[in-house]
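# Coordinate inspection notes
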Amino acid sequence: MSEEYKKGKGMIRGIPHDTIEQSLPILAVFVAILVAVGGIVEIVPAFYLDDSEPAVEGVRPLTPLELEGFAIYRREGCFLCHSQMIRPFRDEKERYGHFSLAVESGYDHNFVWGSKRTGPDVARLGEKYTDAWHVQHMRKPRSVVPESVMPNYVWLEETVLDTSRTAKRMQVLKSMNVPYSNDDIANFAVDIKAQAAVDDGDGEDDLRARYERKAWGSVNEGDDTIVTWTDSFEPTELNVRAFDGDASDVTELDALIAYLQQLGTHVHFEEGVDYYHDKFGQPYRK
Ligand code: HEC
């Protein structure tokens, strides 16, 4: 044992450091204590929060067409190169806009926050570009951004959207508390056509009525956790148009662009409002 230990230095409550490092059981006990402290620090605050994911006005679940677009986004692995999570740092805010709120991805199962940015974050992509730009970019990214390393997704505009699993998807999400009503699920096919403008326009009003003001819990009537938006709140309008520029059929590209064009557009961020403290839970705190 070194002279320093003998003098009482390098000791933890009388146990020399060497002893801890050289004995597996003692080391394991100390590691377990350390990990437990870390765990408690992470977990305990969650028990004191009224609501870990407070509602913010404007956030609505995806329409059936956007939901299919979301499925294509995951199928094609877009999340491997694109994040959907703007962190609360100045550089991120200046480049992408307001940092992401937890509630904004509250309806996403599974979530696509991503962990790598080969391409830019897309959490606030909605309405940044025109549909025509997206069509061209998906066909051949290098035709609009010459240095791009993004793959071409040429098959999306040639493939008619498969809607055989849409109702099932909505049912599963409903079982996870996404507020789709039975009416929404029964009408998914007309809603998809209406949003992609592959009808004579008669389905648009129903589609808007079903989804534009769909707040958390709004279909669970009789349940006291109902939250609704204030009457004066003007939600972001649903995008209803031929997203791929062709109104003759609903393609996978229609669904994907419908999904991309609404990303991050739901909450009306106000300058000077602190969405972590002032705004959380309001105006419908339980
Ligand atoms: C191999 C990585 C990679 C994959 C996979 C990928 N992208 Fe990209 N993406 C990029 C890069 C790099 C850029 C930046 C250059 C450009 O605009 O093409 C980009 C840009 C974009 C942009 C423009 C964003 C902006 O704000 O300018 C959109 C939209 C986009 N990608 C959508 C998608 C979608 C949808 C998919 C899946 C179908 C996808 N990307 C898959 C790498 C990727």
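Conventions and cut-offs
Note on numbering: residues in each chain are counted from 1, in written sequence order. Given that the model is predicted, a residue must reach a pLDDT of at least 70 before its local features are reported, and side-chain atom pairs must reach 80 or more before they are shown or counted; all residues, however, enter totals for whole chains, interfaces and linings. Put simply, DSSP H or I for four residues or longer makes a helix, DSSP E for two residues or longer makes a strand, and each gets a number counted from the N terminus. Here an angle of 0 to 180 degrees is reported between the N-to-C directions of two axes, which are lines fitted to C-alpha atoms, with helices fitted over the stretch in contact. Throughout, the term roughly parallel applies to angles under 35 degrees, roughly antiparallel to angles over 145, roughly perpendicular to angles from 65 to 115, and oblique to all others. Left-handed is the label given to a crossing in which the near helix is rotated counterclockwise from the far helix by less than a right angle, and right-handed is the label when the rotation is clockwise. Note on contacts: each residue gets a C-beta atom placed from the backbone, and two residues are in contact if those atoms are within 7 Å. Each residue receives one of three labels: charged for Asp, Glu, Lys and Arg, nonpolar for Ala, Val, Leu, Ile, Met, Phe, Trp, Tyr, Cys and Pro, and polar for the others, Gly being one of them. Counting other C-beta atoms within 10 Å of its own, a residue is labelled buried from 20 upward, exposed at 12 or fewer, and partly exposed in the gap between, with every C-beta atom placed from the backbone.

On to unusual backbone geometry, then. With the exception of glycine, most residues fall at negative phi, and the peptide bonds are largely trans. H109 connects to N110 through a cis peptide bond whose omega is -5°. Position of N110 among the secondary structure elements: in the loop between α5 (90–96) and α6 (131–139). Here the phi dihedral of E127 falls at roughly 65°; this positive angle occurs in a residue that is not glycine. Mapped onto the fold, E127 is located in the loop between α5 and α6.

Here we take up the packing of α6 against helix α11 (residues 252–262). For the pair α6 and α11, the least separation of the axes is 11 Å and the interaxial angle reads 125°. One way to sum up the angle between α6 and α11 is to call them oblique. Taken as a pair, α6 and α11 cross one another with a handedness that is right-handed. Taken together, the residues of α11 that come into contact with α6 (itself represented by D131, H134, V135 and M138) are L253, I257 and L260. Tallied by class, the residues present in the contact of α6 with α11 amount to 5 nonpolar, 1 polar and 1 charged.

Turning our eyes to something else, we now look at the environment of D162. Structurally, the position occupied by D162 is in the loop between α6 and α7 (166–175). When the 12 C-beta atoms within 10 Å are taken as the criterion, D162 is described as exposed. Remark: the alpha-carbon pair of D162 and V250, spanning 88 residues in sequence, is separated by 9.1 Å.

Nothing here speaks to function; it is geometry throughout.
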